[in-house]
Amino acid sequence: MSVAYIVDPVCSQFLGHNYTALHLFQKYLEDMKLFKSVKCVASEVLPEASEGDDIDRLFHYCYSAFMPLAHLTEDYEKEWVSQQSQKVSSDPLVEQSYKDWATFFKKYKVKSTDAIVMPSIDYCSTMGLLHFMKRDLTTKTCPAIKLRFIGVLENASKYSADPKADIFKLLRELSDDFPIAISTETPLYSSFVAENIGRPAYVVPYPVFEKDPLPMPESDAFGISSLGSARMDKGFGELPGIMQRMHAKYPDFNFRFEGQLPPGNVSVDPNLLNSLYCLPRVRMLPESITDAEMRDLWLRTDVALLPYSAGTYRYRGSAILQEALNYGRLVLTGPNTAFADQIRYYNCGYVVNSHEEYVDMLYRLAQTDRQKRRDQALQARFLFQIDSQTSYEKWMS
C-alpha cells in the first residue's frame, strides 16, 4: 500500500483522546512499515496547535448538538446545514459529510492502493463515506477501508431513529464488494458488530505500545489514581464514597489518591467536589494535563481506579485500562462493563461490586509484595501486547 490516511472528522479540540489517538495511530502505522507515508486528517475546526502539527483540517464538525465546542459560534452549523441538497441522504449532516469525502478524495487523489483508517468511527462521517463508496467508487477504485467501532458516536444522530442500524445496513450492502475491514475496541462489542453486519470483526485496542513498562513507584505511600476525564459516567461521583470509606475503615492506611477535576463546561454538585477536597491524602489535578504530566501520574500510581458506568460502557473499552496494561499497572473496576471481562481474562486487576470491596481490595493490594504485583502486571502486559499486535497486523493487512 502507498498512503494511509488516518481520518477523524470529530477531532476538533486538544482535550480528550481524539487528538492524541491520531498521533498514536500515525506512529504505530509508521512503525509497521506497511505504507510509504501516513497522513492525519481531522475536523476543519480543530484549532491550530501553538507549536504546529502535521494534521490536515478538512471535515465539517457535525456534533454541536451532542458535544458543543466553546470555540464555535451558534451559527457555525446553520451556515451550511440550510444549504444542503438531498443527493444521498435526507440527513443534512450526512449529506455534508458525503461532500467532505468527495473533497477529500479529490484533494489527496486517493488511489485503490491507499488505505483510509478511522480510529473511532462516528455516525455522520461513516455514513458519508459509505454513501460515497456506493455512489462514486467501484471495487477497483476503492482504497482499503479500516473502520474501528468504539461505541461512542456511532449512535449520535439528530435525524435517525436508529443510527447504528443505518451503518450496519450499508455495511452489509457494501462489504462483499468493497475492501472493508472492521474492528472494535472490546471483544463483547466485536461479537455485537459481527452479528449485525454478518462478517468477523477484529479487536483492536488503543495503540499505546511502550517498549518497556514503567518502573514501580518508590514512595512509601500506596499510589491510587483515577486518570483521564473526570466525568460522571467514568465514575467521578463514586470517588468521594470510596475515599470516605477508606478513611473510615482503614484510618492508618498510608495511601495517596490523585484524580483530575471535571471539565469546566460540566456541571458538578459543589458538595461532591468539597467532599473530595476536605479529605486527607487526596489531591485533585487540573481538568487538562500534559502528556508528560500524565506519564508522571502513572509513575506515581500503584493501582488505577475505573469505577465506570455499566450502562454507558456496556460495549465500550477504556483507553486508561489499555494504558495501564502497557505501562504495567493493575486496575480495579466494577462489574458489567465490556472491559471487565478483559480485566478478568488478562488478570490485570480485579472486578469488585461495591465501595466496600473497592476499599478492601485496595488495602489488600497495598499489603501485597510489590514485586508480586509487578509480576502480575507484566504477565498481563505480555499477553495483551501479543494479542493486540497480532490483531493490528491482521486488521491492517
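This text gives an overview of the structure that appears in the document. No experiment lies behind these values; they were computed from the predicted model shown.

1. Focus: the nonpolar core
Here comes step 1: Ranked by size, the top nonpolar core spans 55 residues in total, and within it W101, F104 and M133 carry the most contacts.
Here comes step 2: Apart from residues no more than four positions distant in its own chain, F104 is found in contact with Y5, V7, V41, L58, F59, V110 and I116.
Here comes step 3: Listed in part, the 51 residues of the second largest apolar core include Y206, Y308, C348 and F384.

2. Considerations on the sheet that holds strand β13 (residues 349-351)
Here comes step 1: Ordered by their spatial adjacency, 6 strands build an open sheet running β10-β9-β8-β11-β12-β13, and the pairing between neighbours is parallel. Only two strands of the sheet have a single neighbouring strand rather than two, namely β10 (282-285) and β13. Taking the axes of each pair of neighbouring strands and ignoring which way they run, one obtains an average angle of 20° across the sheet.
Here comes step 2: Pairing of strand β8 (residues 222-226) with strand β9 (residues 255-260) involves 5 bridges; the strand directions are parallel. Across the sheet, residue S225 finds its bridge partner in β9, namely E258.
Here comes step 3: Across the sheet, helix α13 (residues 370-396) lies against β8, β12 (330-333) and β13, angled at about 80° from β12, the strand it touches most.

3. With respect to the pairing of strand β1 (residues 3-8)
Here comes step 1: Where burial is concerned, most of β1 is hidden: 6 out of the 6 residues are buried.
Here comes step 2: Burial along β1 is two-sided: V3, Y5 and V7 and A4, I6 and D8, pointing in opposite directions, are all buried.
Here comes step 3: The parallel pair β1 and strand β2 (residues 37-43) is bridged by helix α1 (residues 17-32), and the resulting crossover is right-handed.
Here comes step 4: Across 3 bridges, β1 lies against strand β4 (residues 115-118) in parallel orientation. Bridge pairing links A4 to A115 in β4.

4. Let's talk about the sheet that holds β4
Here comes step 1: Across the sheet, which stays open at both edges, the 7 strands sit in the order β3-β2-β1-β4-β5-β6-β7 with parallel pairing between neighbours. Only two strands of the sheet have a single partner each, and these edge strands are β3 (55-59) and β7 (202-203).
Here comes step 2: As paired strands, β4 and strand β5 (residues 144-149) are joined by 4 bridges and run parallel to one another. Of the residues in β5, the one forming a bridge with I116 is I145.

5. Let's talk about the state of the cysteines
Structurally, a disulfide amounts to a covalent bond that connects the sulfur atoms of two cysteines.
Here comes step 1: In total, this model carries 0 disulfides according to the counting rule given.
Here comes step 2: C11 provides the cysteine sulfur closest to C40, a residue in no disulfide bond, and the two sulfurs are 8.7 Å apart.

Conventions adopted
- Residues numbered from 1 in each chain as written.
- Predicted model: local features only at pLDDT ≥ 70, side-chain atom pairs only at ≥ 80, totals over all residues.
- Heavy atoms only, no water.
- Core = buried A, V, L, I, M, F, W, Y, C linked by side-chain atoms within 4.5 Å.
- Buried < 20%, exposed > 50% of the residue type's maximum accessible area, 1.4 Å probe, protein only.
- Contact = heavy atoms within 4.5 Å.
- Pairing = 2+ DSSP bridges.
- Helix = DSSP H or I, 4+ residues; strand = E, 2+ residues; numbered from the N terminus.
- Axes fitted to C-alpha atoms, helices over the stretch in contact; angles between N-to-C directions.
- Right-handed = clockwise from strand over helix to strand, strands pointing away.
- Disulfide = S-S within 2.5 Å.

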